[in-house]
Amino acid sequence: SAVISQKPSRDICQRGTSLTIQCQVDSQVTMMFWYRQQPGQSLTLIATANQGSEATYESGFVIDKFPISRPNLTFSTLTVSNMSPEDSSIYLCSVELRDYEQYFGPGTRLTVT
Amino acid sequence: GDSVTQMEGPVTLSEEAFLTINCTYTATGYPSLFWYVQYPGEGLQLLLKATKADDKGSNKGFEATYRKETTSFHLEKGSVQVSDSAVYFCALLLTGNQFYFGTGTSLTVIP
């Protein structure tokens, strides 16, 4: 398995501001993923982040709203830009280790007021 | 399209009761199937998986069998404990690392 940490664990932000979420892994991984889990709902993949290339975004998510960085094999950031209350969610990063198994971070609980 | 349909909750059971959480899937190819568990205040953890038809995944007393004929991957446990209280997610994975998650089933086990 992998040890995955996220910062911050939770935050309350004002409408119109931006928040950058960090994801750190204790081993080098090629693929990292960012998900959103809205209240009472399942996980939705936002984007896939491979080191050395542009992130690949899923339908309904755009780079201007959710810019992602992947500077090395153990770290990634997701920024939620120009936030609105609809962005209130838990944001999770995950990594693929082997046999297509994904391991998830503890999540960042974001509340936008 | 590809999707996972999961039994709706919440589910409340007494300790030592038998648990079944239903999960069925729709997929164009041959997916791998997973159960993830999310304990209160924590992130998702991989509980078990099965990568081909008739495989049985098992962990911590939980089991699920990959049934291609019924496109199902039901989660079972013979005797639940209070510590099993969590939200359980069924998921499928096709090629390209695209996971599809079910909506989650909340389980509460009472003493």
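All values derive from a computational prediction rather than experimental measurement.

### A closer look at the pairing of strand β1 (residues 4–7) of chain A
Residue and element names in this part refer to chain A.
Thinking step 1. Burial along β1 is one-sided: the face carrying I4 and Q6 is buried and the face carrying S5 and K7 is not.
Thinking step 2. Direction of pairing for β1 relative to strand β3 (residues 19–25): antiparallel, over a ladder of four bridges. From the neighbouring strand, S5 faces β3, where its bridge partner is Q24.

### Here we look at the packing of aromatic side chains
Thinking step 1. Taken as a whole, this structure holds 12 aromatic pairs over all chains when the rule is applied.
Thinking step 2. Judged by centre distance (5.4 Å) and plane angle (85°), the ring pair of F104(A) and Y36(B) falls under edge-to-face. A residue pair is termed interchain when its members come from two chains, as with F104(A) in strand β10 (residues 102–104) and Y36(B) in strand β5 (residues 32–38).
Thinking step 3. Judged by its relative accessible area of 8%, F104(A) falls in the buried class.
Thinking step 4. Under the relative-accessibility criterion, Y36(B) is labelled buried at 0%.
Thinking step 5. Summarising the aromatic geometry, the rings of F62(B) and Y88(B) are spaced 5.6 Å apart at their centres and angled 40° between planes, so their arrangement reads as tilted. On the criterion of sequence distance, the pair formed by F62(B) in strand β8 (residues 62–65) and Y88(B) in strand β10 (residues 86–93) is long-range, its members being 26 residues apart.
Thinking step 6. Grouped by ring-pair contacts, the aromatic residues Y35(A), F104(A), F34(B), Y36(B), F99(B) and F101(B) constitute a single cluster.

### With respect to the state of the cysteines
Cysteine pairs can be covalently joined through their sulfur atoms, and such a bond is termed a disulfide.
Thinking step 1. Under the defined criterion, the tally for this structure stands at two disulfides over all chains.
Thinking step 2. Here C23(A) is linked by a disulfide to C93(A), with a sulfur-sulfur distance of 1.9 Å. In this structure, the disulfide formed by C23(A) and C93(A) twists by about 70° around the S-S bond and is classed as right-handed. Residue C23(A) is found in strand β3, and its partner C93(A) is found in strand β9 (residues 89–96); the two are separated by 70 residues along the sequence. Taken individually, C23(A) and C93(A) each receive the classification buried, so the pair is uniform in this respect.
Thinking step 3. A disulfide bridge connects C23(B) with C90(B), and the sulfur atoms are separated by 1.9 Å. Its S-S torsion of approximately -70° makes the covalent link between C23(B) and C90(B) left-handed. With C23(B) in strand β4 (residues 23–26) and C90(B) in strand β10, this residue pair connects regions lying 67 residues apart in the sequence. C90(B) shares its class with C23(B); the two are buried.
Thinking step 4. A disulfide-free cysteine, C13(A) has its sulfur positioned 17 Å from the sulfur of C93(A), the nearest such atom.

### Quick notes on the interface of chain A and chain B
Thinking step 1. At the junction of the two partners, chain A supplies 19 residues and chain B supplies 16 residues.
Thinking step 2. Of the roughly 1,400 Å² buried where chain A meets chain B, counting both sides, 54% is carbon and sulfur surface.
Thinking step 3. Where chain A packs against chain B, one counts zero salt bridges.
Thinking step 4. One can count three residue pairs in polar contact (both at pLDDT 80 or more) joining chain A with chain B.
Thinking step 5. Only β4 (31–37), β5 (43–50), β9 and β10 of chain A provide two or more residues apiece to the side of chain A that touches chain B.

### Side note on the sheet that holds strand β3 (residues 19–21) of chain B
All names here are of chain B.
Thinking step 1. If you trace the four strands from one edge of the open sheet to the other, you get β3-β9-β8-β7, paired in antiparallel fashion. Two strands close off the open sheet at either side, each with one partner strand: β3 and β7 (56–59). Looking at each pair of strands side by side, their axes are set apart by 15° on average, direction ignored.
Thinking step 2. Of the strand pairs in this sheet, β3 and strand β9 (residues 75–77) are connected by three bridges, and their pairing is antiparallel. Bridge pairing links L19 to K77 in β9.

### Here's the deal with the sheet that holds strand β8 (residues 75–80) of chain A
Residues and elements named next belong to chain A.
Thinking step 1. A sheet is described by the order of its strands in space; here four strands give the open sequence β1-β3-β8-β7, paired in antiparallel fashion. The open sheet has two edge strands, β1 and β7 (68–72), and neither has a second partner. Each adjacent strand pair in this sheet contributes to an overall mean axis angle of 15°, direction not counted.
Thinking step 2. The pairing of β3 with β8 spans six bridges and is antiparallel. Across the sheet, I21 pairs through a bridge with L78, a residue of β8.

Reading the values: the criteria
- Residues numbered from 1 in each chain as written.
- Chains lettered and ligands numbered in written order.
- Predicted model: local features only at pLDDT ≥ 70, side-chain atom pairs only at ≥ 80, totals over all residues.
- Heavy atoms only, no water.
- Buried < 20%, exposed > 50% of the residue type's maximum accessible area, 1.4 Å probe, protein only.
- Helix = DSSP H or I, 4+ residues; strand = E, 2+ residues; numbered from the N terminus.
- Pairing = 2+ DSSP bridges.
- Phe/Tyr/Trp six-rings, centres within 6.5 Å; stacked < 30°, edge-to-face > 60°.
- Disulfide = S-S within 2.5 Å.
- Contact = heavy atoms within 4.5 Å.
- Buried area = accessible area lost by both parts, 1.4 Å probe.
- Salt bridge = Lys/Arg side-chain N within 4 Å of Asp/Glu carboxyl O.
- Polar contact = N/O pair within 3.5 Å; in protein donor to acceptor, adjacent residues only side chain to side chain.
- Axes fitted to C-alpha atoms, helices over the stretch in contact; angles between N-to-C directions.

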